[in-house]
Amino acid sequence: MRAFWSRFRQNRGAVIGLIILAIVIICAIAAPFLFPRSPWSMVQRPFLPPFEMDGLPLGTDALGRDVLSGLFHGARVSLLVGLVSTVVALAIGIPIGALAGYYGGLVDDALMRFTEFFQTIPSFALAIVLLAIFQPTLAYVILAIAIVSWPPVARLVRGEVLSLRNREFVEAATLSGQSNLRIILRQVLPNALPPIIVLASLMVATAILLESSLSFLGLGDPNVMSWGYMIGAARTVLRTAWWLSFIPGIAILLTVLALNLIGEGLNDALNPRLRKRTS
Amino acid sequence: MKTFQYLTTAAAIAIASSLAAQETPKSGGTLNAVIQPEPPGLMLGLIQNGPTQMVAGQIYESLLRYDKNLDPMPSLAKEWTKSEDGLTYTFTLQDDVVWHDGAPFTSADVVFSVDVFLRETHARLRASLVHVESIEAPDDKTVVFTLKQPFGPFLGIFEAGTMPMIPKHIYEGTDYANNPANNTPIGTGPFKFEQWERGSYIHLVKNEDYYMEGKPYLDEIYYQVIPDAASRSVAFETGQVDLLPGGSVENFDIPRLTAMDNVCFTNDGWEFFGPHSWMWMNMHEGPMMDKNLRKAVMHAMDREFARDALWNGNGTVAKGPVSSVTRFHEPNTPDISFDPEKAREYLAQSDYDGETLQILPLPYGETWQRWAEAVRQNLSEVGINSELVATDVAGWNQRTGDWDFDLAFTYLYQYGDPALGVARTYVSSNIAKGSPWNNVSGYVNDEVDSLFAEAAVQASDEARQELYTEVQNIVVDDVPVAWMLELQFPTIYRCDLKNPVSTAIGVNDGMRDAWLDRE
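Just so we're clear, the structure is a prediction, and the values are computed from it rather than from any experiment.

Conventions adopted
Residues numbered from 1 in each chain as written. Chains lettered and ligands numbered in written order. Predicted model: local features only at pLDDT ≥ 70, side-chain atom pairs only at ≥ 80, totals over all residues. Axes fitted to C-alpha atoms, helices over the stretch in contact; angles between N-to-C directions. Helix = DSSP H or I, 4+ residues; strand = E, 2+ residues; numbered from the N terminus. Parallel < 35°, antiparallel > 145°, perpendicular 65-115°, else oblique. Left-handed = near helix turned anticlockwise from the far one by under 90°. Contact = placed C-beta atoms within 7 Å. Nonpolar A, V, L, I, M, F, W, Y, C, P; charged D, E, K, R; others polar. UniProt positions renumbered as here; feature names shortened; annotations may be inferred. Core = buried A, V, L, I, M, F, W, Y, C linked by C-beta atoms within 7 Å. Buried ≥ 20, exposed ≤ 12 C-beta atoms within 10 Å, placed from the backbone. Pairing = 2+ DSSP bridges.

**Digging into the packing of helix α10 (residues 227-235) of chain A against helix α11 (residues 243-270) of chain A**
Residue and element names in this part refer to chain A. One way to put it is that α10 packs onto α11 with a least axis distance of 8 Å and a crossing angle of 155°. With respect to α11, the element α10 is oriented roughly antiparallel. The hand of the α10/α11 crossing is left-handed. Along the contact surface, α10 presents W227, M230, I231, A234 and R235, while α11 presents L244, S245, P248, G249, A251 and I252. When the residues that make up the contact of α10 with α11 are grouped by side-chain class, the tally is 8 nonpolar, 2 polar and 1 charged.

**Some thoughts on the UniProt feature "domain: Solute-binding protein family" (unreviewed entry) in chain B**
Per the UniProt record, the feature "domain: Solute-binding protein family" (unreviewed entry) sits at residues 72-430 of chain B. Helix and strand shares over residues 72-430 of chain B are 28% and 21% respectively, and the end C-alpha atoms of the span are 29 Å apart.

**Quick word on the nonpolar core**
One recurring pattern in soluble globular proteins: nonpolar side chains tend to sit buried together. I145 of chain A together with M279, V297, L407 and A482 of chain B are the most contacted members of the largest nonpolar core, which totals 219 residues. Examining the composition of this core, we find that 18 residues originate from one element, helix α9 (residues 180-216) of chain A, more than from any other. The contacts of I145 of chain A, once residues within four sequence positions are left out, are V81, S85, A127, A207, L210 and E211 of chain A.

**A short note on the UniProt feature "domain: ABC transmembrane type-1" (unreviewed entry) in chain A**
UniProt records the feature "domain: ABC transmembrane type-1" (unreviewed entry) at residues 75-263 of chain A, using the numbering of this structure. Helix makes up 83% of residues 75-263 of chain A and strand 0%, with an end-to-end C-alpha separation of 20 Å.

**As for the UniProt feature "transmembrane region" (unreviewed entry) in chain A**
With numbering aligned to this structure, UniProt lists the feature "transmembrane region" (unreviewed entry) at residues 12-35, 77-103, 124-150, 196-220 and 241-262 of chain A. Secondary structure across residues 77-103 of chain A divides into 100% helix and 0% strand, with the first and last C-alpha atoms of the span separated by 39 Å.

**Here we look at the interface of chain A and chain B**
The partner chain B presents 12 residues to the 13 residues of chain A that form the contact. Classifying every residue of the side of chain A that touches chain B gives 8 nonpolar, 5 polar and no charged.

**Digging into the sheet that holds strand β15 (residues 357-360) of chain B**
One key point about sheets: their strands pair by backbone hydrogen bonds, in either a parallel or an antiparallel sense. Residues and elements named next belong to chain B. A sheet is described by the order of its strands in space; here 6 strands give the open sequence β14-β18-β13-β17-β15-β16, paired in mixed fashion. Two strands bound the open sheet, and with one partner strand each, they are β14 (316-317) and β16 (386-388). Strand direction decides the pairing type here: β15 and β16, joined by 3 bridges, are parallel. The partner of L357 across the bridge, within β16, is S386.

**A look at the sheet that holds strand β6 (residues 132-139) of chain B**
Residue and element names in this part refer to chain B. Taken in spatial order, the 4 strands of this open sheet run β4-β5-β7-β6, and their pairing is antiparallel. In this open sheet, the two strands that pair with only one neighbour each are β4 (77-82) and β6. Sheet twist, expressed as the average angle between the axes of neighbouring strands with direction ignored, equals 20°. Note that strand β5 (residues 88-93) and strand β7 (residues 142-147) share 5 bridges and pair antiparallel. The residue bridging Y89 from the neighbouring strand is F145, located in β7.

Spelled out as structure tokens, the structure:
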């Protein structure tokens, strides 16, 4: 663990990313304490520019709602969507990839054709279609994002498992009479974990972007204040109140950037040999 | 402040109209206007949706037009009389009116249009025609309507979109819906149909044989089809179009456009329609059956804020079921203004125990979505939980028609008279699952039913006013719907387009008198 951290620490960008992400997480946790009123409360006159009034440092939106409060509460939604949808996507992608890679043959063919079926449809278009069919509530938004983002996980896991399953330690486990399930869970998957972790950190970033894009198009949960919603609602006044789109846009940019930097750092830390080669 | 505003507007109108009177109209020029959305057809006798009326109102005419006070003015009828008992109306037609194909327009066309064609095709007119006993043409220039009983709003149904004149010589004995002439509409109006390039433009040209000497002034009109709202704003900014009919650009673009040089706008020209917005409150089942909760919702909403923040200050806070531009509006109905304290009191008296109300916003774009968000917040501040249900237009139609909501935004036209456009929302005979346009709330009050029925068939306006005042007081006290705003849709135009809005239906029939002050 210590070795991992010291390797991670060597990537300065990753550390910066971690700091940014920590700030975002603190904002998300602090939101209900710092802004106990709903972010939808109409507190001042509409279109108050930033830095004009004490207590409303980022001004107000088209309905006089506090932008800073929206930003803090939006952090909760973005992180929640990013994490939960990634967990769900992993929960779909890992078993499919592991089974396909471990058993090979017909199972592999069937599962990979199924995966490719999802991969051939542009993920954003599929998410829109799914939300048009479901009610756009937060749970369905998360589900839709998970459904469009699991195929790369399945392919990655399959590849890892394929290369691992002929190793000696797997053969040894087979000889010792362990069941297939036990081998997959105890021997193969733990060794396939590093690239999955790296991929997962990037998937969180993609999920946050996807949620924002969906809300921007008005396909998000209309009862949840998210960054994408804030940009979408402000898009129409871009020419008169540009900061209303700009501020949450920066928040998304920083969070996604932080997650990508962290992903990079994780990659370095978990695959030290790879790093030496590239640097 | 409010009074001051009215005074300045009134003064501005007075100045503008005196200026208009001084100027002599110039003939000639091409007008480019926006039409949104593209109409499904232009045969006004078959299709009456908004954009169709806006274009076809220049092609077809009716017997009367209406000024901004909804008083009738001559159109194809040059004079009309009403018998003492209110049962017989006699119209005398203009001389020398010909159809666009050259055939003369006679009283036989009127009888055919009303009694045969429109009775079959026009549901809204048919509802009024049940009061009509017979329509006769004693000679070529006279038409006599005989009623079964007095029908108060009768003189209000002779508007072009309600009763367009249809050429008998083209349609008699044919399959109306599939008549090939529907693609090349023939009317008596100031402009003739020339060409329709689908998805691009509709081209009308001046009717050289129009019965009014010198009119119309414009040589031709192009109605440009521009599907995207932002592109419509840009088309106006760049001078590609000179006329934006009400509702054709998003609200938030209006201040920017009207601030441009040489740009004028008016809120007039919607008096006949009187678009009135409210939230249906589902009284079929669920929490909104509780009158105290309905009152709490009514008082919780800050409608002035919504008007100022979302409608650029355009519109009037509604006081009840009858719009202030509609006839027989009663200004002194029970108070339903924004008052959170009162809302909390009513809420405390109600049986409401924290259920989450389902609000259905109108899926007509940003303004309506923001409005629903504001209402949800208003409600939460007095302690009523609610959430927005996201739908598209089809979903909204279905949920509203199936009574699958607690609160649902809508707006409807009033057509100048409570008997034509108001009663339908509140009478119990108009409750039917499946339609989002009838008495969707499910409001049942026998007294209201009989008052509306009685008021429609009174001969004198005084008697009608008395009954309508009574019914408005009862309905406002029952709050079967949560009234929002009397909407205004400003018409925006280049200032050198003169007089585009001169009647109660505005640009729908205004091009007859419009002219361009250009060289």
